[in-house]
Amino acid sequence: MKFSSFDIVFQEVPGEVTLAVNISNCPHRCKGCHSAHLQQNIGEVLDEKCLDGLLARYGNAVTCVCFMGGDADPTAVERLSAYVRETTNKRIKTAWYSGCDKFPENCSVENFDYLKIGPYIESLGGLDSPTTNQRFYKVENGILHELTFKNP
């Protein structure tokens, strides 16, 4: 699994200062995608060593790591999320923005603090649209609490 870029963001996960990691090789090809370049398998390998470097650099400034994509390898996203939570003693939360219709059956929601599920459908809009098909959840004790319309 590779990533093409990252940024510190304030809007993706409500109440969190988030290190958003843009994962490439997206299989969805959503019409109107704002990051169509991520459909290609480009960038650097995203693994534990890479995350260690990012957290060493930004870990004191962020409260959450958000994996933006990664649907081509959901078990890798889950593994890296669990790694961040374990190595930071859950001080840094994790989120996954997935374009899948549903959470992968072979993964556990308990390895994340937040989830965004659903492909981008241009006519319905993103999370900021009242007609969106996408859903945003906070995960607590393995239970999904919907926050879709509380997300800025």
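Structure shown above.
Residues numbered from 1 in each chain as written. Predicted model: local features only at pLDDT ≥ 70, side-chain atom pairs only at ≥ 80, totals over all residues. Heavy atoms only, no water.

Q: Which parts of the structure should I look at to understand the packing of aromatic side chains?
A: Two measures describe an aromatic ring pair: the distance that separates the ring centres and the angle between the ring planes. Throughout the structure, instances matching the rule amount to seven aromatic pairs. Note on phenylalanine 103 and phenylalanine 112: the rings are 6.1 Å apart at their centroids and 80° apart in plane angle, and the pair reads as edge-to-face. Per residue, the accessibility class of phenylalanine 103 equals that of phenylalanine 112, and both read buried. Chaining the aromatic ring pairs together yields one cluster made of Phe3, Phe6 and Tyr58. (Phe/Tyr/Trp six-rings, centres within 6.5 Å; stacked < 30°, edge-to-face > 60°. Buried < 20%, exposed > 50% of the residue type's maximum accessible area, 1.4 Å probe, protein only.)

Q: Explanation requested: the nonpolar core in the structure shown.
A: Most often, soluble globular proteins have nonpolar side chains that are buried together. In this structure, Leu46, Val65, Phe67, Phe103 and Leu115 are the most contacted members of the largest nonpolar core, which totals 26 residues. The leading source of residues in this core is helix H1 (residues 48–58), at five residues. (Core = buried A, V, L, I, M, F, W, Y, C linked by side-chain atoms within 4.5 Å. Helix = DSSP H or I, 4+ residues; strand = E, 2+ residues; numbered from the N terminus.)

Q: Sorry, what's going on with the pairing of strand E2 (residues 18–23) here?
A: Along any regular strand, the residues point their side chains to alternate faces of the sheet. Judged by how many residues are buried, E2 sits mostly within the fold: six of six residues are covered. A two-sided burial pattern is seen for E2, the buried positions comprising Thr18, Ala20 and Asn22 on one face and Leu19, Val21 and Ile23 on the other. Looking at chain direction, strand E1 (residues 2–9) and E2 are connected through six bridges and run antiparallel. Bridging across to E2, isoleucine 8 finds its partner in leucine 19. In the sheet, E2 pairs with strand E4 (residues 64–68) via five bridges, with the strands oriented parallel. Pairing of leucine 19 across the sheet is with valine 65, part of E4. (Pairing = 2+ DSSP bridges.)

Q: What's the story with unusual backbone geometry in this structure? I'm lost.
A: A negative phi holds for most residues other than glycine; trans holds for most peptide bonds. Non-glycine residue asparagine 25 carries a positive phi angle of around 70°. Within the secondary structure layout, asparagine 25 lies in the loop between E2 and strand E3 (44–45). The phi dihedral of asparagine 141 is positive, around 55°, even though this residue is not glycine. With respect to the element layout, asparagine 141 can be found in the loop between strand E7 (135–140) and strand E8 (143–146).

Q: Sorry if this is basic, but what is going on with the packing of H1 against helix H2 (residues 74–87) here?
A: Relative orientation of the contacting elements H1 and H2 amounts to 40°, with a least axis distance of 11 Å. Of the possible angle classes, the one that applies to H1 and H2 is oblique. You can see that H1 and H2 cross each other, and the crossing is right-handed. Contacts between H1 and H2 involve Glu48, Leu51, Asp52 and Leu55 from the first element and Arg79, Leu80, Tyr83 and Val84 from the second. For the contact of H1 with H2, the residue count by class is five nonpolar, no polar and three charged. (Axes fitted to C-alpha atoms, helices over the stretch in contact; angles between N-to-C directions. Parallel < 35°, antiparallel > 145°, perpendicular 65-115°, else oblique. Left-handed = near helix turned anticlockwise from the far one by under 90°. Contact = heavy atoms within 4.5 Å. Nonpolar A, V, L, I, M, F, W, Y, C, P; charged D, E, K, R; others polar.)

Q: Please explain H1 as it appears in this structure.
A: Working note: α-helix, 3.6 residues per turn, so residues spaced by three or four point in the same direction. For H1, the complete set of buried residues consists of Cys50, Leu51, Leu54, Leu55 and Tyr58. Projected down its long axis, H1 carries its buried residues within an arc of 130°, all on one side. The outward face of H1, more than 90 degrees from its buried face, is lined by the exposed residues Lys49, Ala56 and Arg57. On the buried face of H1, the contacting elements are E1, E2, E3, E4 and H2. (Arc of directions from axis to C-beta.)

Note that every value here comes from positions in space, so none of it alone points to a role or purpose.
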